[in-house]
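The lines below spell out each chain.
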Amino acid sequence: MRQFPTLVGFLTSKSSNITTDSEVEFQGYDSVGVGASKWKHNNITGQTPSQSPSDLDGAIFNDGDGNQWSLVTDGEINVAQLGDITQGAVVQAAWNAAIALASPIGGEYPSDEQISLYFPSGRYNTDGVNLDLVVGVTGIGVRGDGNMSQLDNISFEMAGAYGCTFKDFLMRGSAGYGIKSNTDLGGANKSRQNEFSNLYIKGKTTGIIFDGSTWNRWTDVFVEDAIGNGIEVIETSGEQIANCYSIQSGLSGIYIAGGGELKFVNFLTMSNALYGVHLYADDASSSVLEHYFDNVTATRQQLTRMTAITSIINSGGNIQVTSVGHKLAEGMIDIGITGTGVYDATEAYSVISVIDNDTFVLDAAYTSDVATGNIQLRNWDFFVDCDSTD
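Residues numbered from 1 in each chain as written. Predicted model: local features only at pLDDT ≥ 70, side-chain atom pairs only at ≥ 80, totals over all residues. Heavy atoms only, no water.

Notes on the sheet that holds strand E3 (residues 37-41)
Taken in spatial order, the 5 strands make up an open sheet running E1-E2-E3-E5-E4, and their pairing is mixed. Each edge of the open sheet carries a strand with a single partner, namely strand E1 (2-4) and strand E4 (60-62). The mean angle between the axes of side-by-side strands here comes to 30°, regardless of whether they run parallel or antiparallel. (Pairing = 2+ DSSP bridges. Helix = DSSP H or I, 4+ residues; strand = E, 2+ residues; numbered from the N terminus. Axes fitted to C-alpha atoms, helices over the stretch in contact; angles between N-to-C directions.)

Re the packing of aromatic side chains
Tallying each qualifying case throughout the model produces 20 aromatic pairs. With 6.5 Å between their ring centres and 85° between their planes, Phe10 and Trp69 make a pair best called edge-to-face. Taken together, the positions of Phe10 in helix H1 (residues 7-12) and Trp69 in strand E5 (residues 68-71) put the pair 59 residues apart, joining distant regions of the chain. For the pair shown, Phe10 and Trp69 are each scored as buried. Aromatic side chains Phe293 and Phe382 sit 5.4 Å apart centroid to centroid with 85° between the ring planes, which places their arrangement in the edge-to-face category. Note that Phe293 is positioned in strand E26 (residues 292-299) and Phe382 in strand E34 (residues 382-386), a separation of 89 residues in sequence. Taken together, Trp95, Phe156, Phe166, Phe169, Phe196, Phe210 and Trp218 form an aromatic cluster joined through their ring pairs. It is Arg143 that lies over the ring of Tyr118; its NZ or CZ is 3.9 Å from the centre. (Phe/Tyr/Trp six-rings, centres within 6.5 Å; stacked < 30°, edge-to-face > 60°. Buried < 20%, exposed > 50% of the residue type's maximum accessible area, 1.4 Å probe, protein only. Lys NZ or Arg CZ within 6 Å of the ring centre and 35° of its normal.)

What to know about the pattern of salt bridges
Per the stated rule, a full pass over the model turns up 8 salt bridges. Glu76 is paired through a salt bridge with Arg143; the nearest N and O atoms lie 2.8 Å apart. Taken together, the positions of Glu76 in strand E6 (residues 76-78) and Arg143 in strand E12 (residues 141-144) put the pair 67 residues apart, joining distant regions of the chain. Two residues, Glu261 and Lys263, come together in a salt bridge whose shortest N-O distance is 3.4 Å. Residue class for Glu261 comes out partly exposed when judged on its relative accessible area of 26%. For Lys263, a relative accessible area of 26% puts it in the partly exposed group. Among the ionic contacts, a cluster of salt bridges with common partners joins Arg123, Asp152 and Arg172. (Salt bridge = Lys/Arg side-chain N within 4 Å of Asp/Glu carboxyl O.)

Now the structure itself:
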């Protein structure tokens, strides 16, 4: 086996025809010591020379004389072996190569030929491309070097994956989700018996989405600064979520609109703009069943929220207020009215009755009609949101 300093140097060399050798080894991709790799000859010739493995969207390249080579993985692919890690095309090529070596979904257990994709310390995919990496296999592993492995604008869609492991990296970016634990395209296979640990998901639209998954385990997974909900549950069963947090979300830390048998243990959700935990059902056909919360802290960033007043009119000496999406119930107290110039902002009123989702009556003495100002409402750490008539 012949050795060369770098793969880039090999590709640009005019003397790259070494078909008498079955394997070659490089000390790095474009600099010695970064992305060292071994490649074997595929016995394929007459190919168009490539500038890098990402040109061919996988772990292969064609040398200057048209000979094709494939990466020797030894059970793991290092993304840095395939090129400039800041480029989305390189990350996608490494992912494609790993997926091609994994087992298909549907098997009871992963095969012995499990493959791992390794993101060593560094920032990946900083060229602005949004990558949605679809798993849909059995037994793949994805790992990094903790927070030093920073994946920018990269999402993982489980798509029915089974027995996979994701650990030790940071996901950043404002687009899409961090991880979606969902079924495959046909809905036949749920994401199941996967392990997620020591992950940091920061700044996504949604940190984690559960939409067709079961029996997965999440440990030391931290979601922060989501634009929407930190964790969103649509449909799932039997997830184990321990020693995790979801904080500083633009909506709720945890939003649950379906599924059952989730177990949150030693969980923290705080400083979210809306609620710590939001349980939602819009009609009688919706169900949120048997979720468990053990040693969970849910704390709001602030005690009040504001909704704009559309109108205030007389209601038998009290006031009837219209304010879209108030989420109030009869008997609630500590409701304030601010910015009207008519009603006392320092007074705390009670809800006499709720007419519909936008209209309610307070025990404030009617003074005059108003169409400006805000209703100052109490926020809730744990909010159950459904119509009791359904």
